[in-house]
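Geometric and topological summary
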Amino acid sequence: MKIGLFIPCYVDAVFPEVGMATFKLLKHLGLDVSYPQGQTCCGQPMANGGFERQAIPLAEKFETLFGGFDYVVAPSVSCTAFVRLNYPRLLAHECQTAKKAMDVVEFLHDVVKVNRRLGTFPHKVSLHNSCHGVRELGLSSPSEQHVDKFNKIRDLLQLVDGIDVVEPERPDECCGFGGMFSIEETAVSAQMGLDKVERHIQTGAEYVTGPDCSCLMHMAGIARKQGLKMEFKHVVEILAAGL
């Protein structure tokens with residue numbers, strides 16, 4: 001299968017190490033992955049800000065760049081969810097990429113079905129379940145529903161040697177980032193983030209990990225501002241550590 005690696009704009013600009021770790025991990029697993037040149041933003045910021053029409057040309061470009069791949073894999077649950085759920089509505093024709101777009105966690109868990117040992121990360125890690133991942137992509141079980149508990153992120157992390165994975169109280173409660181919400185409701189967003197960071201700290205973990213850099217960025221900024229000692233790493237950085 002041919003995999004097109006989509007690196008969202010904020011990952012490319014702010015967290016390039018996450019993009020490189022994703023590519024490294026997919027290649028380590030023997031997968032046919034390539035990075036199409038010329039890729040840009042998926043259009044999520046425009047649509048979330050109320051300017052959906054400005055997102056349409058970006059969706060069309062995404063279709064052109066990634067239409068020939070079997071899967072489009074990204075290390076971002078929010079961007080993946082936007083492509084999968086909104087492109088079929090935004091585009092005036094049948095959307096191919098929405099059917100193929102997958103977050104790297106669900107791709108490795110559900111399609112590749114990784115069951116071999118990966119890298120080494122001898123640390124206690126608190127797991128952050130981002131809202132888009134829980135409720136739009138199904139990476140873990142939502143606490144408000146009466147379903148058997150599962151967590152695809154935890155399943156993958158258990159393949160890493162030396163790791164101790166824990167979860168905070170209220171494991172799928174929002175961290176307060178929410179894209180435009182953090183700008184329009186700054187005080188509420190900051191307090192939600194502080195509450196979330198403190199719950200992660202209460203686990204005794206050294207690191208917080210999750211599938212979306214935006215949530216990790218929000219919490220890391222709050223932790224630094226408060227002088228709290230906690231490190232933040234995207235899940236693919238941990239899965240690829242030591243490979």
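For the structure, check the block above.
Remember, it's a predicted structure, so these values are computed and weren't measured experimentally.

Procedures and definitions
Residues numbered from 1 in each chain as written. Predicted model: local features only at pLDDT ≥ 70, side-chain atom pairs only at ≥ 80, totals over all residues. Heavy atoms only, no water. Salt bridge = Lys/Arg side-chain N within 4 Å of Asp/Glu carboxyl O. Helix = DSSP H or I, 4+ residues; strand = E, 2+ residues; numbered from the N terminus. Buried < 20%, exposed > 50% of the residue type's maximum accessible area, 1.4 Å probe, protein only. Pairing = 2+ DSSP bridges. Axes fitted to C-alpha atoms, helices over the stretch in contact; angles between N-to-C directions. Phe/Tyr/Trp six-rings, centres within 6.5 Å; stacked < 30°, edge-to-face > 60°. Lys NZ or Arg CZ within 6 Å of the ring centre and 35° of its normal.

Within this structure, the stated rule accounts for 11 salt bridges. With a shortest N-O distance of 3.9 Å, Lys-149 and Glu-167 are connected by a salt bridge. With a gap of 18 residues between them, Lys-149 in the loop between α8 (131-135) and α9 (152-157) and Glu-167 in the loop between β6 (164-166) and α10 (180-184) connect regions that are remote in the sequence. Take Lys-149: its relative accessible area is 69%, and that puts it in the exposed class. Ionic contacts of the salt-bridge type, sharing partners, join the residues Arg-135, Glu-144 and Asp-172 into one network.

Here the focus is the pairing of strand β5 (residues 124-127). Direction of pairing for β5 relative to β6: parallel, over a ladder of 3 bridges. Residue pairing across strands places Ser-126 opposite Val-166, the latter belonging to β6. With 3 bridges connecting them, β5 and strand β7 (residues 207-210) associate as parallel partners. Its bridge partner lying in β7, Val-125 is registered against Tyr-207.

Strand order across the open sheet formed by 4 strands is β6-β5-β7-β8, with parallel pairing between neighbours. Edge positions in the sheet fall to β6 and β8 (231-234), since each of these pairs with one other strand and no more. Ignoring which end each strand starts from, the neighbouring axes of this sheet average 35° apart. Direction of pairing for β7 relative to β8: parallel, over a ladder of 4 bridges.

This model, assessed by the stated rule, comprises 8 aromatic pairs. On the numbers, 6.1 Å between centres and 45° between planes, the contact of Phe-66 with Phe-69 is tilted. For the pair shown, Phe-66 and Phe-69 are each scored as buried. Residues Phe-121 and Tyr-207 carry aromatic rings whose centres are separated by 5.0 Å and whose planes lie at 65° to one another, so their mutual orientation is edge-to-face. Within this pair, whereas Phe-121 is found in the loop between α7 (104-112) and β5, its partner Tyr-207 is found in strand β7, the two being separated by 86 residues in sequence. Accessibility classification places Phe-121 together with Tyr-207 in one group, the buried group. Note that Lys-2 overlies the ring of Phe-69, its terminal NZ or CZ placed 5.7 Å from the centroid.

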